[in-house]
Structure formats: C-alpha cells, structure tokens
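Working through the structure, step by step
Here's the letter readout for the chains.
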Amino acid sequence: AIAQEEMSMKAAKALLEFDRNSQRALFRWISVLKFNFNQQIKFLEHIRDIGMREHMTIPEVLCEGSLLKILKNVRLNNPQKAKAVLDALRIRRHPRLSRAQQVVENRISSISLPSGAAIHYDPYFEDPNYRLEISFKDGKDLRKSINLLHSLDGLETIPDLWQP
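Read on for an overview of the structure. Nothing here was measured: the structure is a model prediction, and the numbers come from that model.

Section: the overall build of the protein chain
- Counting secondary structure elements, the protein chain contains 8 helices and 2 strands.
- For 164 residues, the compact-globule estimate of 2.2 N^0.38 gives 15 Å, and the C-alpha radius of gyration of the protein chain, at 21 Å, exceeds that figure by more than 25%.
- Dimensions along the principal axes, computed over C-alpha positions, put the protein chain at roughly 60 × 35 × 30 Å.
- Classification of the 164 residues of the protein chain by burial places 32% in the buried group.
- If you take every contact in the protein chain between residues at least 6 apart in sequence, the share linking residues at least 24 apart comes to 57%.
- Surface exposure of the protein chain reaches about 11,100 Å², of which carbon and sulfur atoms provide 54%.

Pasting the structure below:
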C-alpha cells in the first residue's frame, strides 16, 4: 500500500501502535474507503481515541451498525463514504464540539445572506471572531451587498462563540 501510494508512511507508522487484529481491521477500512493521506491519520486518531475512551477494541468500534451502514450505502461513492465515516467518528469523538458547531451552523444558515456573502468561523472555536466574506464585481455591487446586509433581520441571532 505504501509502495502504491495508497497509504502514507505516517499512517503506516501509526498502525504499528495497534495490535494485529486492529491493524487488519483498520487497514481493510483504509483500503476499501481509499482515504486520502490526511483522512487516514484522522481516521486512525478518531478510532484510537474512541476505543480508549469507551473501553472498546478497535474491531468492536468498526463493527458498529452506524459505521457499517455508511460503508454499505450503495448511494454513496467512496469519497462520500470516507467523509461520512470521518464525520460520524468526529461527532462521536467530540460530541460537545459537534453540538456547538451545529448550533452555530443552524443560526448562520437561517440568515438570508445576499448572493456572494458568506460568514465563516473557526470550527474549533479557538478564534472568537467571525469573518464576513463578500464577493462583488464592482463598487456598486459591493454597496448593494452592504446595504442588503445592513437591512437583514436575524444578524443578532448569531451567537458569541465564546459564550456557554
């Protein structure tokens, strides 16, 4: 897998930290889903952390119905499955962070921003500030977007990222 550039050296080294049965199970998932190199590391870290925190073996974590359901979903291609598996593991590994992210996403998406405008935030809440991005063709287009933003209701519902 390393020689065929299907697995990173870093992921291969990380696999060595696991027992033989876990290595086989993890490698099978990596091979089937064809995670990119960054995803391989995230996958291994999430699985390891979940197993340790929940006192489960790696094969037990990987055999859970929610993950197998994603793996067997014929409507998803491999990149979609890989993303869905990583998202499910991230939510399980960081439930409070995931809930907070969902609250912020729901509040932002409920605001009818003008075309070309987007609100961004640090997904790990390390920076307390949002960033507003506006795409525009010219000064007239920018003024129109700013005026639309100024008149929007609901901007006050965007939560302070550092408030509980």
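As for helix H8 (residues 139–151)
- Its 13 residues place the ends of H8 18 Å apart at the C-alpha level, agreeing with the 18 Å of an ideal helix rising 1.5 Å per residue.
- N-capping of H8 is provided by aspartate 138, with a side-chain oxygen placed 3.2 Å from the backbone N of lysine 140.

Rules behind the numbers
- Residues numbered from 1 in each chain as written.
- Predicted model: local features only at pLDDT ≥ 70, side-chain atom pairs only at ≥ 80, totals over all residues.
- Heavy atoms only, no water.
- Helix = DSSP H or I, 4+ residues; strand = E, 2+ residues; numbered from the N terminus.
- Rg over C-alpha atoms; globule rule 2.2 N^0.38 Å.
- Buried < 20%, exposed > 50% of the residue type's maximum accessible area, 1.4 Å probe, protein only.
- Contact = heavy atoms within 4.5 Å.
- Areas by Shrake-Rupley, 256 points an atom, 1.4 Å probe, with all protein chains shown as cover.
- Expected span 1.5 Å × (residues − 1).
- Polar contact = N/O pair within 3.5 Å; in protein donor to acceptor, adjacent residues only side chain to side chain.

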